[in-house]
Amino acid sequence: MTFPAGAADARSGIIELTYVRMRNTQDAMAQRTNDYLAKSYLPAVQRAGAKHVGAFSPIIGLGSPSTILLADYPDASTWEAAGRKLSEDKEAQKAYDAVYGVSSLPFLRMETMIFRGFPSVPMIEPPAAREGNRSHVFELRSYESTSPRSLARKIRMFEEGETALFRKIGMKVVFFGEALAGPNLPQLTYMLAFDDAAHRDKAWAEFVAHPEWNKMKNMPGVSDGEIVSNISNALLRPLPFSGIK
């Protein structure tokens, strides 16, 4: 059992990240799944109280085919109430029965992680629309820690300078969350948006070489080797029905 690292304040929202796992089949499983998500599931989630909703597919990393769903709620009570509202939503339940009432589901499984937003980024911050309705490239990164205390140190590192440096360099912060439920605890996960792959490569190169980062990472007790046990990342593209692009 692990305990939250204590990043919350009164503004911290609840962020829900769901992985919809599929497989390559001749019956177009991914298309059937995304039709259900676009037409029924995500609209119902928004009716239930989600503020921002996104849907993505992996470019690099994560299992493919899969769809990654992102939603946020102002607080835990709103998130809990959303579950009840979904069960009472007749339109959503009709679509649910049509999907789950058959012998073959359009996906293998849905796995959900729950996060608490950081004080400095309490909710999802959708990036501003790009000119010509072009979408962003998104990066999803997870940092696992050896203990709740080491996770708290990494969260503090983001809160006290690293996130601000991201913004200074031009990385577009989407969310930061401390995992409350899910695999590989204790951990934090965050998402950044970039104009394209070239923008991402340039921004990370600038970050790694920046004197502020080199000062931060060399402070006693906060090097990755001391407070981070594993880092994973994935590049994502927004699906056409995503509210975050």
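Coordinates for the structure precede this section.
Just so we're clear, the structure is a prediction, and the values are computed from it rather than from any experiment.

A. Expanded view of the sheet that holds strand S5 (residues 137–144). Spatial ordering of the closed barrel is given by S1-S3-S2-S8-S5-S7-S6-S4, a layout of eight strands whose pairing is antiparallel. If you compare each strand with its neighbour and ignore which way they point, the axes differ by 35 degrees on average. Pairing between S5 and strand S8 (residues 230–238): seven bridges, direction antiparallel. The residue bridging Arg-141 from the neighbouring strand is Asn-233, located in S8. Contacts between helix H1 (residues 29–48) and the sheet are confined to strand S1 (14–21), strand S2 (53–60), strand S3 (66–73) and strand S4 (109–117), with S3 contributing the most and set at about 5 degrees to the helix.

B. Molecular detail of empty space enclosed by the protein. The final tally for this structure, using the stated rule, is one cavity of 30 Å³ or more. The calculated volume of the largest cavity comes to roughly 60 Å³. If you go around the largest cavity, the residues you meet are Glu-16, Thr-18, Tyr-41, Leu-42, Val-45, Val-53, Gly-54, Leu-69, Leu-70 and Ala-71. Counting residues per element, the ones that place at least two in the lining of the largest cavity are S1, H1, S2 and S3. A class-by-class count of the residues in the lining of the largest cavity yields seven nonpolar, two polar and one charged.

C. Examining the pattern of salt bridges more closely. Applying the stated criterion across every chain yields a total of eleven salt bridges. The salt bridge partner of Glu-139 is Arg-141, with a shortest N-O separation of 3.1 Å. In this pair, the class of Glu-139 matches that of Arg-141, namely buried. Within this structure, Glu-139, Arg-141, Arg-200 and Asp-201 form a network of salt bridges that share partners.

D. Quick look at the packing of aromatic side chains. On inspection of all chains with the given rule, the structure shows 17 aromatic pairs. Seen from their ring centres, Tyr-143 and Phe-158 are 5.8 Å apart, and the 50 degrees between their planes marks the pair as tilted. Placement of Tyr-143 in strand S5 and of Phe-158 in helix H4 (residues 148–169) is noted, with a sequence separation of 15 residues between them. Pair check on accessibility: Tyr-143 and Phe-158 agree, each one buried. Plain terms: the ring middles of Phe-176 and Tyr-190 are 4.7 Å apart, the flat faces sit at 15 degrees to each other, and that makes the pair stacked. With Phe-176 in strand S6 (residues 172–181) and Tyr-190 in strand S7 (residues 187–194), this pair connects stretches of sequence that are 14 residues apart. Summarising the burial analysis for this pair, Phe-176 and Tyr-190 share the class buried. Grouped by ring-pair contacts, the aromatic residues Phe-118, Tyr-143, Phe-158, Phe-166, Phe-176, Tyr-190, Trp-204, Phe-207 and Trp-213 constitute a single cluster.

E. Local environment of the environment of Met-113. When you line up the elements, Met-113 lands in strand S4. Using a relative accessible area of 6% as the deciding quantity, one classes Met-113 as buried. Note: C-alpha distance between Met-113 and Ala-181 (68 residues apart in sequence) is 5.6 Å. With residues near it in sequence (within four places) discarded, Met-113 still touches Ile-15, Glu-16, Leu-17, Tyr-19, Ala-179, Ala-181, Gly-182, Pro-183 and Gln-187.

F. Molecular detail of the pairing of S3. The buried fraction of S3 amounts to eight of the eight residues, a majority that puts the element mostly inside the structure. The two faces of S3 match: Ser-66, Ile-68, Leu-70 and Asp-72 on one face and Thr-67, Leu-69, Ala-71 and Tyr-73 on the other face are all buried. Judged from the four bridges that link them, S2 and S3 form a sheet pairing that is antiparallel. What sits directly across from Phe-56, in S3, is Ile-68. Turn length for the S2-S3 hairpin, with the two strands adjacent in sequence and antiparallel, is five residues, and the turn residue Gly-61 shows positive phi of about 90 degrees.

Calculation rules
- Residues numbered from 1 in each chain as written.
- Predicted model: local features only at pLDDT ≥ 70, side-chain atom pairs only at ≥ 80, totals over all residues.
- Heavy atoms only, no water.
- Pairing = 2+ DSSP bridges.
- Helix = DSSP H or I, 4+ residues; strand = E, 2+ residues; numbered from the N terminus.
- Axes fitted to C-alpha atoms, helices over the stretch in contact; angles between N-to-C directions.
- Contact = heavy atoms within 4.5 Å.
- 1 Å grid on protein atoms, 1.4 Å probe; cavity = no way out; pocket = protein on both sides within 12 Å on 5 of 7 lines; lining within 4 Å.
- Points joined across faces, edges and corners; volume = space filled by probe spheres on them.
- Nonpolar A, V, L, I, M, F, W, Y, C, P; charged D, E, K, R; others polar.
- Salt bridge = Lys/Arg side-chain N within 4 Å of Asp/Glu carboxyl O.
- Buried < 20%, exposed > 50% of the residue type's maximum accessible area, 1.4 Å probe, protein only.
- Phe/Tyr/Trp six-rings, centres within 6.5 Å; stacked < 30°, edge-to-face > 60°.

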